[in-house]
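Here are the chains, one letter per residue:
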Amino acid sequence: MAVYTAILHYPVYNKSGKVVATSLTTLDIHDIARASRTYGVKRYYVVQPIENHLWLANKLLSFWQGGHGREYNPKRWEALKIVKAVPYFEDALSHILEVDGVRPKVVVTTARKRENAISFSRLREKIEKGEDLIICFGTGWGLTEEFMESADYVLEPIVGPTDYNHLSVRSAASIILDRLLGR
């Protein structure tokens, strides 16, 4: 059983509802890597098709994975060693198949309620039974409808006690990983 995570900067919507590629946020790389490592995620993929942003992600990773950063802060290296930056989601799936010999089921996350959503408890059961999964976190204004429909599972949204529902992707990833993999 393996759980993977991915932050997708494409295909996502902008606030006008157009399909775009969003900007890279280096804090997302660091913070989701740390949460992923804490909860035993096998690998965390940063999906970024914009060439200069992908270069930046790889530059950051090379610093922490093998450069001065590894010696300077071994705890940060421990988290960032599981991160791989790729231009497209299909590249992440191909990498998993090539390296680990599995094709994980795709789980998408959303802040919107959906009729076909799987509950946290049901998805946790699937993980405990050994199902390989990749949990996809969208940026911008969320993953596209087409991408959502192509997934194996749509995870129910995180719901707080208020009507405000606009968590940062870093916060949402931590909450979701805790609900699915925490003790």
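Residues numbered from 1 in each chain as written. Predicted model: local features only at pLDDT ≥ 70, side-chain atom pairs only at ≥ 80, totals over all residues. Heavy atoms only, no water.

## Description of the packing of helix 1 (residues 26-38) against helix 8 (residues 169-181)
Viewed as axis vectors pointing N to C, helix 1 and helix 8 meet at an angle of 10°, and their least axial separation amounts to 9 Å. The pairing of helix 1 with helix 8 is recorded here as roughly parallel in orientation. Along the contact surface, helix 1 presents Leu27, Asp28, Asp31, Ile32, Ala35 and Ser36, while helix 8 presents Val169, Arg170, Ala173, Ser174 and Leu177. Its residues assigned to classes, the contact of helix 1 with helix 8 comprises six nonpolar, two polar and three charged. (Axes fitted to C-alpha atoms, helices over the stretch in contact; angles between N-to-C directions. Helix = DSSP H or I, 4+ residues; strand = E, 2+ residues; numbered from the N terminus. Parallel < 35°, antiparallel > 145°, perpendicular 65-115°, else oblique. Contact = heavy atoms within 4.5 Å. Nonpolar A, V, L, I, M, F, W, Y, C, P; charged D, E, K, R; others polar.)

## Considerations on helix 5 (residues 89-100)
In this model helix 5 runs 16 Å from its N-terminal to its C-terminal C-alpha over 12 residues, within 8% of the 16 Å that 1.5 Å per residue would give. When we look at burial in helix 5, the residues that qualify are Phe89, Ala92, Leu93, His95 and Ile96. Mapping the buried residues of helix 5 onto a view down its axis gives an arc of 160°, with all of them on the same face. Among the exposed residues of helix 5, those oriented more than 90 degrees off its buried face are Glu90 and Glu98. Residues of helix 5 that are buried in the fold lie against strand 1 (3-8), strand 4 (43-47), strand 5 (83-86), strand 6 (105-108), strand 7 (133-138) and helix 7 (145-150). Downstream of helix 5 by a residue or two, Gly101 has a phi angle that is positive, lying close to 75°. (Expected span 1.5 Å × (residues − 1). Buried < 20%, exposed > 50% of the residue type's maximum accessible area, 1.4 Å probe, protein only. Arc of directions from axis to C-beta.)

## Brief notes about the sheet that holds strand 1
Across the sheet, six strands lie side by side as 5-4-1-7-6-8; this open sheet has parallel pairing. Two strands close off the open sheet at either side, each with one partner strand: strand 5 and strand 8 (153-154). Relative to strand 4, strand 1 is paired through five bridges, and the arrangement is parallel. Bridged to Thr5 within strand 4 is Tyr44. Packing against the sheet, helix 1 makes contact with strand 1, strand 4 and strand 5, and its axis sits at approximately 160° to strand 4. (Pairing = 2+ DSSP bridges.)

## What to know about the packing of aromatic side chains
Summed over the entire model, instances satisfying the criterion amount to three aromatic pairs. Measuring from centroid to centroid gives 6.3 Å for Tyr10 and Tyr88, while their planes differ by 80°, and the two rings are edge-to-face. Here Tyr88 lies in the loop between strand 5 and helix 5 and Tyr10 lies in the loop between strand 1 and strand 2 (12-13), a separation of 78 residues in the sequence. A residue is classified by how much of its surface remains accessible, and Tyr10, at 33% relative accessible area, is partly exposed. A residue is classified by how much of its surface remains accessible, and Tyr88, at 40% relative accessible area, is partly exposed. Pairing Phe89 with Phe147 gives two aromatic rings, centres 5.2 Å apart and planes at 80°, and the pair type is edge-to-face. Residue Phe89 is found in helix 5, and its partner Phe147 is found in helix 7; the two are separated by 58 residues along the sequence. (Phe/Tyr/Trp six-rings, centres within 6.5 Å; stacked < 30°, edge-to-face > 60°.)

## Quick word on the pattern of salt bridges
Applying the stated rule across the entire model yields 10 salt bridges. Put simply, Arg170 and Asp31 hold a salt bridge, and the shortest N to O gap is 3.4 Å. Taken together, the residues span a long stretch of sequence, with Arg170 in helix 8 and Asp31 in helix 1 at a distance of 139 residues. When its relative accessible area of 25% is taken as the criterion, Arg170 is described as partly exposed. Connected via shared salt-bridge partners are Asp28, Asp31 and Arg170. (Salt bridge = Lys/Arg side-chain N within 4 Å of Asp/Glu carboxyl O.)

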